[in-house]
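Structural overview for review
What follows is each chain in one-letter form.
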Amino acid sequence: MTRLVPLSSKLDLIAQTGFALAASRQPRYAFHWHEHDCAMLLWPRAGALDSAWRDTDGECRRGRLVRGQALLLPSHVEHSTRAQSIAQQHGELYLSPDLLRACRAMGVLQLDGAAQAMLDALWKPALSARAQPALITALIAQLDSSRPGQVLAAPPPNLARRWADALRQCLEDGQPPPSVAESAIALGVSIRTLQRACVDAFGLPPVAVRRTLVAQAARQRIALGEPAARVSAELGFASSGHLGRLLRAIDADQGVPAAKLSASGAAADWPGMDATSSRV
C-alpha cells in the first residue's frame with residue numbers, strides 16, 4: 001500500500017520499556033503531516049499547539065490545544081503540529097499499543113489535576129528512570145477516565161501579519177489606523193483571537209504592535225520635514241504633545257519583529273503542510 005505521509009518510526013525508542021518521552025522547546029515548532037508506528041500522547045506545557053489529525057473516518061480535524069488538554073492518537077494516524085509562539089513547550093509520549101489496550105480514551109482529552117501533575121512530573125529531568133514505568137501506568141489509567149476536551153479554533157493563518165500590513169497601509173496613506181477593537185470587527189474575529197495571533201507571531205499584544213507602527217510612521221514623516229503638528233493631527237492625536245509622549249515611550253530602534261513571520265507565508269500552509277519540516 002502506498003504511504004501518503006512520511007512515517008516517523010518510534011519502534012526503536014519504545015522497544016525496551018514500551019514508551020518513550022520527547023520534550024520540545026523549539027521556537028515556532030512545526031512538524032508537517034506524518035504518522036507514527038505507535039500511539040502518541042501530545043500535550044502543551046507552555047503556549048498553544050495548533051494540531052490537525054485524521055479521525056477514524058478519515059476526516060481532517062484541527063484545533064488549538066492549550067495547557068490542561070492533550071491529544072491521544074493511536075498508531076498510524078496522520079497528524080501535523082505547529083506552534084507559532086517562541087516560548088512554546090510541549091511533550092510527546094510515544095506508547096506501545098499494548099499499554100493502551102485497556103484505555104478507552106482517544107482524541108482530545110481534558111486533563112484533570114492528577115493527570116496534569118503526572119505529565120508535569122514526567123517533564124522533570126530529576127525523575128528517576130526506575131520511577132517512569134509506574135508513573136506511565138498510573139497516567140494511562142487516569143487518562144482512561146478523562147472527559148473529551150473541546151479544542152479552540154485556531155486563528156486564521158497569517159492573521160497578525162495581515163492586520164499589521166493593513167495598519168502600515170493606513171499609515172502610508174496618511175490615515176489614522178483603526179483601533180484594536182475596530183480591527184477585530186473588520187477582520188471578523190474577536191479581540192481575544194487577534195491578541196493571541198499577535199502574541200504568537202510578534203511576541204507583542206495588539207496595542208503594542210499598533211503603537212510601535214504609529215511611532216515608526218510618525219518618525220519617518222517628521223524626519224522628512226513634515227511639521228509634527230500636522231503629523232499628529234493626521235494620525236489621530238489630539239495634539240502634538242500626545243504624539244511626543246508616544247515617541248518618548250517607544251525607542252527609535254524599536255520595531256515590530258516582522259522577521260518572526262515567514263516571508264513566504266508558510267504558516268498559511270497548515271494544516272495541509274507537505275513542505276520540509278522545520279523540526280530538528
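Scroll up a little and you will see the structure.
Residues numbered from 1 in each chain as written. Predicted model: local features only at pLDDT ≥ 70, side-chain atom pairs only at ≥ 80, totals over all residues. Heavy atoms only, no water.

Secondary structure summary: the protein chain contains nine helices and 10 strands in total. A buried classification covers 44% of the 280 residues belonging to the protein chain. Look at the contacts in the protein chain between residues 6 or more apart in sequence, and 78% of them connect residues 24 or more apart. As displayed, the protein chain has an accessible area near 14100 Å², and 54% of this comes from carbon and sulfur atoms. (Helix = DSSP H or I, 4+ residues; strand = E, 2+ residues; numbered from the N terminus. Buried < 20%, exposed > 50% of the residue type's maximum accessible area, 1.4 Å probe, protein only. Contact = heavy atoms within 4.5 Å. Areas by Shrake-Rupley, 256 points an atom, 1.4 Å probe, with all protein chains shown as cover.)

This paragraph deals with the nonpolar core. Residues Trp163, Leu194 and Phe202 are the most contacted members of the largest nonpolar core, which totals 26 residues. Every element with two or more residues in this core is listed here: helix 4 (159–172), helix 5 (180–187), helix 6 (191–202), helix 7 (206–223) and helix 9 (240–249). In this structure, Ala39, Leu72, Leu93 and Ala115 belong to the second largest nonpolar core, which totals 22 residues. (Core = buried A, V, L, I, M, F, W, Y, C linked by side-chain atoms within 4.5 Å.)

Quick look at the environment of Pro148 now. Positionally, Pro148 belongs in strand 10 (residues 147–148). For Pro148, a relative accessible area of 62% corresponds to the exposed category. In the structure, Pro148 is positioned 39 residues away from Leu109 in sequence and 4.6 Å away in space, judged by C-alpha atoms. Apart from the residues within four sequence positions on either side, Pro148 is in contact with Val108 and Gln110.

Strands sit in the order 2-7-4-5 across an open sheet of four strands; the sheet is antiparallel. A single partner strand is all that each edge strand has here, and the edge strands are strand 2 (30–34) and strand 5 (60–65). Taking the axes of each pair of neighbouring strands and ignoring which way they run, one obtains an average angle of 10° across the sheet. Of the strand pairs in this sheet, strand 4 (residues 49–54) and strand 7 (residues 79–82) are connected by four bridges, and their pairing is antiparallel. Each residue of the ladder has a partner; that of Ala52, found in strand 7, is Ser80. (Pairing = 2+ DSSP bridges. Axes fitted to C-alpha atoms, helices over the stretch in contact; angles between N-to-C directions.)

Okay, the environment of Ile136 next. Counting through the fold element by element, Ile136 comes out in helix 3 (residues 132–143). Residue class for Ile136 comes out buried when judged on its relative accessible area of 2%. Residues Ile136 and Phe19, spaced 117 residues apart in sequence, show a C-alpha to C-alpha distance of 8.2 Å. Excluding residues within four positions of it along the chain, Ile136 makes contact with Phe19, Leu93, Leu95 and Leu122.

For the structure on display, the rule yields 11 salt bridges. One salt bridge connects Arg104 with Asp144, and the closest N-O pair in it is separated by 3.1 Å. Remark: Asp144 occurs in the loop between helix 3 and strand 10 and Arg104 occurs in the loop between strand 8 (89–95) and strand 9 (107–110); sequence separation between them is 40 residues. (Salt bridge = Lys/Arg side-chain N within 4 Å of Asp/Glu carboxyl O.)

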